[in-house]
Amino acid sequence: MKNMYPLLQTIDTPDDLRRLNRSQLEPLAHELRAFLLESVAKTGGHLSSNLGTVELTVALHYVLNTPYDRIVWDVGHQTYPHKILTGRRERMHSLRQLGGLSGFPRRDESEFDTFGTAHSSTSISAALGMALASRLKGEDRHAIAVIGDGAMTAGMAFEALNNAGVADCNLLVILNDNDMSISPPVGALNRHLAKLLSGQFYAAAKNASKTVLKGAPPLWELAKRFEESAKGMVKPITLFEKFGFNYVGPIDGHDVDTLVSVLENIKQLKGPQFLHVVTKKGQGYKMAEADPVAYHGPGKFDPAVGLAKASGQAKITFTEVFGNWLCDMAATDSRLVGITPAMREGSGMVEFEKLFPKRFFDVGIAEQHAVTFAAGLACEGLKPVVAIYSTFLQRAYDQLVHDVALQNLPVVFALDRAGLVGADGATHAGAYDIPFMRCIPNMSVACPSDENECRQLLSTAYAQEGPVAVRYPRGVGAGVAVSRALDTLPLGKGEIRRTGKKVALLAFGTLLHPALQVAEVLDATVVNMRWAKPLDTELLLQIAAEHEALVTLEDGCIMGGAGSAVLEALAQAGLAKPVLQLGLPDRFIEHGDPVKLMAMLGLDAQGIEASVRARFCAIYPAN
Ligand SMILES: Cc1ncc(C[n+]2csc(CCOP(=O)(O)OP(=O)(O)O)c2C)c(N)n1
Ligand SMILES: CC(=O)[C@@H](O)[C@H](O)COP(=O)(O)O
Ligand SMILES: [Mg+2]
């Protein structure tokens, strides 16, 4: 470390950074980028976005008085340089691992992390709140939101701009425009930004920021630029000016010296400011520059070689099961349309877009719109399939209730990343979808136990006349063969997988497999419940009548989950039966290896057996 990063190793806090000469910032940025690449290659993580924010991070901490001044990062997946410069360099080796640094900003991790995040498009609202709070408290502090061009597409960002543009406070919004979301950006905003960056305006702005902003008095320089802008001499009037912001830019986000000059100037201005910074996703690492999608969130890799090609016969993931099903079903039914809110790769829709480009809709980071857009399509007789991560559907709850379920529209929700997701941690866990969906009238919720059943339940969902969600986890399952057929299963019906004595294990989803292992040891009955709603009440009551005790298993939160549905059904039938509910406890589960996390939560075979024995010790007396 010492020899390779001579400047970086002197920076323990931003105060150290602020003691450097300006001429040292560029070499520091080089070291920071090299360290970042070396570190993320060892841990995995969001590489390409972070490579793009190195200079911006250096400039922000150099110019601002952090942590007194508040930097709010949007999404937060681009904050590794910020973590490295704010006292966490030595812990970067633990990134996204159990007990280690989070991959996102966390208020409980550092005083420099002003706002916890990982879901996008919250930064302007939060920074505006901070800016107004400082005004009300009579504090002279700066609040800055740093938001990407992808995150800017969300309605919430525009709600905040709408509010901020007329607010009497000092807020700076920095648009980090790398012309990429996870995949290429979409929509009219993207076109507007592209126009601002088109040839002459950007070239002029680049030169202006170097020459004009350096020598002359800062306020005069900026006033002049605004005046020129208003006359249309430098660039067209931007959307952001129409929202009431002073727009500055676009400027080169990899020119640290210019960034410092511009930020120092803006710091002296009052009212809502907007700085448009242009960066490159993957900057400085050729392979990531060439393929920023693949390097958005890679696992570990050798920087000299790049990402390893998949080798051998890897097990198929649930995401791939969905992607294949979508293509096969679309081939048989021209009414099928596929929708993603900016998660084409993660949701397994790359092939679908290739095969059916006109029936593929990437709506940008706009979950609420995605769901209501699907409702509109369904009203006209099309068959929308919304592929959405469980955690991101949280954003579109009212749309699910009011626009889809209330009108009983046949929309399929392919709910990926159900349960724990691992390295992203609590922000991305699909822990709440069973409770929040099963309480909505007309909604059905399927919980496939393996890959083949996932395909069957997707076909079943597609055949229904109302809304159905099929929830499945990140990664691979039991490894069962997946048929190419488009068979359906009966709605709301489970199946007995093993008949045993006294205790019945009722599994919702992939916990069926540890349940089957445990049942061999305990000689218990195992039921694959398949549906959290409609619940197979007939089967449940039969099983309840035949056993002394029941155990429910799910990979979502216990509170209000599928186990609660079982308790409600028993109570409804007037049947008193001891029920042990196993699932996620009432606390946020941290990042880490999901297999280890499940074991720590007692949701692996060993843990399940221990819990069942402990709870039903009269049935399983210790020898
Ligand atoms: C509400 C929400 N939807 C989707 C995502 C998944 N997601 C994370 S980063 C990202 C792309 C963000 O693009 P941008 O803001 O331009 O940042 P960049 O990666 O280009 O640095 C997406 C879609 C998310 N984190 N939050
Ligand atoms: C920051 C973010 O929201 C995404 O980049 C997310 O980390 C992707 O997760 P998956 O790797 O599960 O697709
Ligand atoms: Mg971007």
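Data block above holds the structure.
Residues numbered from 1 in each chain as written. Chains lettered and ligands numbered in written order. Predicted model: local features only at pLDDT ≥ 70, side-chain atom pairs only at ≥ 80, totals over all residues. Heavy atoms only, no water.

(A) Structural view of the site of ligand 1. Close contacts around ligand 1 come from 22 residues, with H77, G150, N178, K281 and E367 the closest. At a separation of 2.9 Å, an oxygen atom of ligand 1 approaches a polar side-chain atom of S49. Between ligand 1 and A118, the relevant distance is 2.9 Å, taken from a nitrogen atom to a main-chain nitrogen or oxygen of the residue. In isolation ligand 1 exposes 580 Å². Once the protein is present, 97% of that is buried. Tallied by class, the residues present in the shell around ligand 1 amount to nine nonpolar, nine polar and four charged. Each of domain 1 (8–213 + 240–290) and domain 2 (318–471) gives at least three residues to the shell around ligand 1. (Near = heavy atom within 4 Å. Polar contact = N/O pair within 3.5 Å; in protein donor to acceptor, adjacent residues only side chain to side chain. Areas by Shrake-Rupley, 256 points an atom, 1.4 Å probe, with all protein chains shown as cover. Nonpolar A, V, L, I, M, F, W, Y, C, P; charged D, E, K, R; others polar. Domains from an automatic or database assignment.)

(B) The arrangement of the pattern of salt bridges in detail. A complete count under the given rule lists 35 salt bridges for this structure. In this structure, R471 and D555 form a salt bridge, with 2.8 Å as the shortest nitrogen-oxygen distance. A residue pair is termed long-range when its members are at least 10 positions apart, and R471 in strand β11 (residues 468–471) and D555 in strand β16 (residues 549–557) qualify at 84 residues. Each member of the pair R471 and D555 is classed as buried. Note that K493 is salt-bridged to E538, the shortest N-O span being 3.3 Å. Highlighted residues: K493 in the loop between β11 and β12 (495–498) and E538 in helix α22 (residues 537–546), separated in sequence by 45 residues. Given the relative accessible area of 61%, E538 is considered exposed. Overlapping salt bridges, with partners in common, bring together K83, R88, E109 and D113 in one network. (Salt bridge = Lys/Arg side-chain N within 4 Å of Asp/Glu carboxyl O. Helix = DSSP H or I, 4+ residues; strand = E, 2+ residues; numbered from the N terminus. Buried < 20%, exposed > 50% of the residue type's maximum accessible area, 1.4 Å probe, protein only.)

(C) Summary view of the packing of aromatic side chains. With the rule as written, the count across this model stands at 18 aromatic pairs. Between the aromatic rings of F352 and F356, the centroid separation amounts to 5.4 Å while the plane-to-plane angle is 35°, which identifies the pairing as tilted. Among the aromatic residues, those joined into a cluster by ring pairs are F318, F322, W325, Y462 and Y472. When the ring centre of Y68 is taken as reference, the NZ or CZ atom of R141 above it lies at 4.1 Å. (Phe/Tyr/Trp six-rings, centres within 6.5 Å; stacked < 30°, edge-to-face > 60°. Lys NZ or Arg CZ within 6 Å of the ring centre and 35° of its normal.)

(D) Region of interest: the coordination of the magnesium ion (ligand 3). In the first shell of the magnesium ion (ligand 3), the protein supplies D149 (OD), N178 (OD1) and M180 (O), at 2.0 to 2.1 Å from the metal. Here D149 falls in the buried class, since its relative accessible area comes to 3%. (Donors = N, O, S within 2.8 Å, 3.2 Å for Na, K, Ca; no water.)

(E) Structural view of the sheet that holds strand β7 (residues 360–362). Here seven strands make up an open sheet; going across it, the order is β7-β6-β8-β9-β11-β10-β15 and the pairing mixed. Only two strands of the sheet have a single partner each, and these edge strands are β7 and β15 (531–533). Each adjacent strand pair in this sheet contributes to an overall mean axis angle of 20°, direction not counted. Note that strand β9 (residues 412–416) and β11 share four bridges and pair parallel. (Pairing = 2+ DSSP bridges. Axes fitted to C-alpha atoms, helices over the stretch in contact; angles between N-to-C directions.)

(F) Here's a closer look at helix α18 (residues 397–405). All of the buried residues in α18 are Q399, L400, D403, V404 and A405. Down the axis of α18, the smallest arc covering the buried residues is 155°, so these residues share one side. In the core, the buried residues of α18 are packed alongside α16 (367–379), α17 (390–393), β9 and α19 (433–438). (Arc of directions from axis to C-beta. Contact = heavy atoms within 4.5 Å.)

(G) Highlighting the pairing of strand β14 (residues 525–528). Burial along β14 is two-sided: the face carrying T525 and V527 and the face carrying V526 and N528 are both buried. Summarising the sheet, β12 and β14 pair through three bridges and their orientation is antiparallel. Paired with R498 across the bridge in β14 is V526. Bridging between strand β13 (residues 503–508) and β14 involves four bridges; their strand directions are parallel. Bridge pairing in β14 places A507 opposite N528. Where the polypeptide runs from β13 across helix α21 (residues 512–522) and back to β14, its parallel neighbour, the crossover connection is right-handed. (Right-handed = clockwise from strand over helix to strand, strands pointing away.)

(H) View of the site of ligand 2. Around ligand 2 sit H46, V75, F104, I182, H296, Y389, F392, R417, D424, H428 and R474, and those are all the residues in its vicinity. In the model, an oxygen atom of ligand 2 is placed 2.5 Å from a nitrogen or oxygen of the D424 side chain. One nitrogen or oxygen atom from the side chain of H428 is found 2.7 Å from an oxygen atom belonging to ligand 2. Here ligand 2, which alone exposes 360 Å², has 86% of that area covered by the protein. Residue composition of the shell around ligand 2, by class: five nonpolar, three polar and three charged. Counting residues domain by domain, the shell around ligand 2 receives three or more from each of domain 1 (8–213 + 240–290) and domain 2 (318–471).

(I) Quick look at unusual backbone geometry. Of the consecutive residues G249 and P250, the connecting peptide bond is found in the cis state with omega at -5°. Each neighbour pair has its own omega, and for K533 with P534 the value is -5°, a cis peptide bond. Examined against the element boundaries, P534 turns out to sit in the loop between β15 and α22. Positive phi, normally seen in glycine, also occurs at D179, with a value near 55°. Take D179: it is sitting in the loop between β3 (171–177) and α8 (188–197). Backbone geometry at A342 places phi at a positive 70°, although glycine is not the residue there. Topologically, A342 is positioned in the loop between β6 (336–340) and α15 (350–355).

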